[in-house]
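# Coordinate inspection notes
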Amino acid sequence: MPYYHTLGQIPRKRHIAFRKPDGSLYHEQLVGIEGFTGPAALLYHLYPPTTVQSVRRVRETPYEADPDKTLRHRHFRTAPITRGGSPTLDRVPMLFNTDIAMLYVAPEKEDEHFYRNAQGDEVVYVAEGEGTLETQYGDLPFTRGDYLVLHRHILHRYRFTKPAKLLVMESRGHVRPPSRYLNAVGQLVEGAPYSERDIRVPRELKTHDVTGEFPIIIKQYNGLNEIVLDHHPLDVIGWDGQFYPWAFNIHDFEPIVGRVHQPPPVHQTFQGDGFVICSFCPRPYDFHPEAIPAPYNHSNVDSDEVLFYASSEFMSRKGIEYGSITHHPDGIPHGPHPGRYEASIGQTHTNELAVMMDSFRPLKVAKAILPYEDPKYMYSWVEGGQGFAPPTS
Ligand SMILES: [Fe+2]
């Protein structure tokens, strides 16, 4: 986590008696990773977090791969995906490997249950919508363009004030700011494209003193499990530490530009194990008088490239639309579409907005996204070729 934070009441020292007004003890809980040595938080509950009344396996959530392994560039459109279901139970898997999975959901309802992913960190890009994430660490309001960084185990529930479309990136490893952005004490350095002031953390802690039956859905062993707790899980009176949910808005990313084209690592926003996440934001173009702002053709050796287009404009692509996802696998070069290279010369700025996830191991396409595929994309670089299938929305 970016830095130490605390909310509510905590005792003067850790692991000492901390009493309620009636003289009984609050219940201390450490939530930390890497075996008591990694980032951690200490939470103080009204009730023990252990009083589970029942457990059950709800269902499996396997990611099934497209059986057609033909190597090709691919294009999927999320816009036609029907709004429906729950933000945590009805996610559509799109691409995945053992390090990272990308899923999409446009929920039509809020959850009654709370949710915890025990097998992965989640970075949730809010493509549309607005609301508040209720967590044991306090409320975290969110809006369009936010990345919500929900480390594994963090209990949460979405509350929407505007209908949402969420791009979920589920990571086997721990998601963090790129290490080159951090100095020896973990502070974001001056040259980083964002600073601590851009990171939003829970600021309002709501403590619920309610008993009853409270279901919690937990993702573990590639499936959903339900436990029923005998009290409201948001019963935290105070906490401190460096393990908590946080948010960062894509428009707070300060683009790094140059006289000539800058490579994608200047757009890096997060680091994971086996992948990176980058933000392509509105920015001035390269300013050498002969600069070609569109990217050169490139072979993404040792990585698969996935782009989610958060606006319908992207400097090097045509035929994509808002909500498009392109997958450029390792093995076939890619680059600007015909005409885009020449047309970019002399342009002064771009309004593109896109989230890129580059995985270091090959990705599989999920069967669930196949109905939304544009099958002609592979040939869209051929002048006078098949071009694109017409948009469906
Ligand atoms: Fe690329």
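You'll find the structure just up there.
The rules behind the values
- Residues numbered from 1 in each chain as written.
- Predicted model: local features only at pLDDT ≥ 70, side-chain atom pairs only at ≥ 80, totals over all residues.
- Heavy atoms only, no water.
- Phe/Tyr/Trp six-rings, centres within 6.5 Å; stacked < 30°, edge-to-face > 60°.
- Helix = DSSP H or I, 4+ residues; strand = E, 2+ residues; numbered from the N terminus.
- Buried < 20%, exposed > 50% of the residue type's maximum accessible area, 1.4 Å probe, protein only.
- Lys NZ or Arg CZ within 6 Å of the ring centre and 35° of its normal.
- Pairing = 2+ DSSP bridges.
- Axes fitted to C-alpha atoms, helices over the stretch in contact; angles between N-to-C directions.
- Core = buried A, V, L, I, M, F, W, Y, C linked by side-chain atoms within 4.5 Å.
- Contact = heavy atoms within 4.5 Å.
- Donors = N, O, S within 2.8 Å, 3.2 Å for Na, K, Ca; no water.
- Salt bridge = Lys/Arg side-chain N within 4 Å of Asp/Glu carboxyl O.
- Polar contact = N/O pair within 3.5 Å; in protein donor to acceptor, adjacent residues only side chain to side chain.

## Here's the deal with the packing of aromatic side chains
With the rule as written, the count across this model stands at 16 aromatic pairs. Considering the side-chain rings of Tyr-137 and Trp-239, the 5.1 Å spacing of their centres and the 80° angle between planes classify their relative orientation as edge-to-face. Of this pair, Tyr-137 sits in the loop between strand S9 (121–135) and strand S10 (140–143) while Trp-239 sits in strand S16 (residues 236–241); the two residues are 102 residues apart in sequence, bridging distant segments of the chain. Each member of the pair, Tyr-137 together with Trp-239, is buried. Considering the side-chain rings of Tyr-194 and Phe-248, the 4.5 Å spacing of their centres and the 40° angle between planes classify their relative orientation as tilted. Of the two residues, Tyr-194 is situated in the loop between strand S12 (156–171) and strand S13 (199–200) and Phe-248 in strand S17 (residues 246–249); the sequence distance between them amounts to 54 residues. Taken together, the ring pairs connect Tyr-125, Tyr-147, Tyr-181, Tyr-194, Trp-246, Phe-248, Phe-270 and Phe-308 into an aromatic cluster. One Lys or Arg, Lys-20, reaches over the ring of Tyr-47 and ends 5.8 Å from the middle of that ring. Above the face of the Phe-114 ring, Arg-157 is positioned so that its terminal group lies 4.1 Å from the ring centre.

## Re the pairing of strand S24 (residues 354–359)
For S24, the tally of buried residues reaches six of six residues, placing the bulk of the element in the interior. Across the two faces of S24 the burial is the same, with Ala-354, Met-356 and Asp-358 and Val-355, Met-357 and Ser-359 all buried. In the sheet, strand S19 (residues 275–280) pairs with S24 via six bridges, with the strands oriented antiparallel. Counted as the bridge partner of Ile-277 is Met-357 from S24. With six bridges connecting them, strand S21 (residues 304–309) and S24 associate as antiparallel partners. In the sheet register, Asp-304 faces S24, and the bridge partner there is Ser-359.

## What to know about the sheet that holds S19
Spatial ordering of the open sheet is given by S5-S22-S21-S24-S19-S18, a layout of six strands whose pairing is antiparallel. Either end of the sheet is taken by a strand with one partner, and the two such strands are strand S5 (74–77) and strand S18 (268–271). Between one strand axis and the next, the sheet turns by 20° as a mean value, whatever way the strands run.

## Some words on the nonpolar core
Nonpolar side chains in soluble globular proteins generally cluster together in the buried interior. Core analysis: the biggest nonpolar cluster contains 51 residues, and Tyr-125 and Met-169 have the highest contact counts within it. Leave out the neighbours within four places in its chain, and Tyr-125 touches Gly-145, Asp-146, Tyr-147, Lys-165, Leu-166, Leu-167, Met-169, Ile-250, Phe-308, Ala-310, Leu-353 and Val-355. In this structure, Ala-101, Leu-103, Val-126 and Phe-160 belong to the second largest nonpolar core, which totals 18 residues.

## Section: the coordination of the iron ion
Looking at the iron ion, the protein donor atoms are His-298 (NE2), Glu-305 (OE) and His-334 (NE2), and they sit 1.9 to 2.1 Å from it. Read in sequence order, the donor residues coordinating the iron ion give the pattern H-x6-E-x28-H. Given a relative accessible area of 6%, Glu-305 falls into the buried group.

## Overview of the pattern of salt bridges
As enumerated under the stated definition, the model contains 19 salt bridges in all. Salt bridges here are not isolated pairs; linked through shared partners, they connect Asp-66, Arg-74 and Glu-373.

## Examining the side chain of Gln-268
Residue placement: Gln-268 occurs in strand S18. At 2.7 Å, the side chain of Gln-268 and the side chain of Arg-180 are in polar contact. Of the polar contacts made by the side chain of Gln-268, one reaches the backbone oxygen of Phe-270; its length is 3.2 Å.

## Quick notes on unusual backbone geometry
Even without being glycine, Phe-36 reaches a positive phi, approximately 70°. Among the structural elements, Phe-36 can be located in the loop between strand S2 (27–32) and strand S3 (40–45). Unusually for a residue other than glycine, Tyr-221 sits at a positive phi of about 55°. Structurally, Tyr-221 can be placed in the loop between strand S14 (211–220) and strand S15 (223–231).

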